[in-house]
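Breakdown of the fold
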Amino acid sequence: MLTLLLGVMAGCASVAPNYEAKFGDAVRSARQAQTLNPATPANQDPVLGLDGKAAVSAQERYQDSFKAPPKTFEVINTTGTQ
């Protein structure tokens, strides 16, 4: 009976901590390698380059570009095949 109990208890043992010890390290390493300036969130200075009117106009043109599909052109088939 004792061996059966020990066998059942051994089945409950977890080996996951060995696998999970470095879980996510690759993602954290890749994110760190792609971050140009890690202190950027602390910078509260406004972004320079566009004034408000120019930014609004650019955003409106961008949104309007999705309302109508771009104009297509016809291809002239000169080979005689379809």
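Residues numbered from 1 in each chain as written. Predicted model: local features only at pLDDT ≥ 70, side-chain atom pairs only at ≥ 80, totals over all residues. Heavy atoms only, no water.

Attention now moves to the environment of Asn-43. Among the structural elements, Asn-43 can be located in the loop between helix H3 (25-34) and helix H4 (52-64). Judged by its relative accessible area of 47%, Asn-43 falls in the partly exposed class. A polar contact is formed between the side chain of Asn-43 and the backbone nitrogen of Asp-45, at a distance of 3.0 Å. (Helix = DSSP H or I, 4+ residues; strand = E, 2+ residues; numbered from the N terminus. Buried < 20%, exposed > 50% of the residue type's maximum accessible area, 1.4 Å probe, protein only. Polar contact = N/O pair within 3.5 Å; in protein donor to acceptor, adjacent residues only side chain to side chain.)

Aromatic ring pairs are described here by two measures, namely the spacing of the ring centres and the angle between the planes. For the structure shown, the criterion picks out one aromatic pair. Seen in terms of ring centroids, Tyr-62 and Phe-66 are 5.1 Å apart; in terms of plane orientation they differ by 85 degrees. Their pairing is edge-to-face. Taking relative accessible area as the criterion, Phe-66 reaches 59% and is therefore assigned exposed. (Phe/Tyr/Trp six-rings, centres within 6.5 Å; stacked < 30°, edge-to-face > 60°.)

This part is about the pattern of salt bridges. Taken as a whole and judged by the stated rule, the model has two salt bridges. Across the pair Arg-28 and Asp-25 runs a salt bridge, and its minimum N-O distance is 2.9 Å. Note that Arg-28 and Asp-25 are positioned in helix H3 at a spacing of three residues, about one turn of the helix. Judged by relative accessible area, which is 35%, Asp-25 ranks as partly exposed. A salt bridge links Asp-64 to Lys-67, with the nearest nitrogen and oxygen atoms 3.1 Å apart. Assessed through its relative accessible area of 68%, Lys-67 is described here as exposed. (Salt bridge = Lys/Arg side-chain N within 4 Å of Asp/Glu carboxyl O.)

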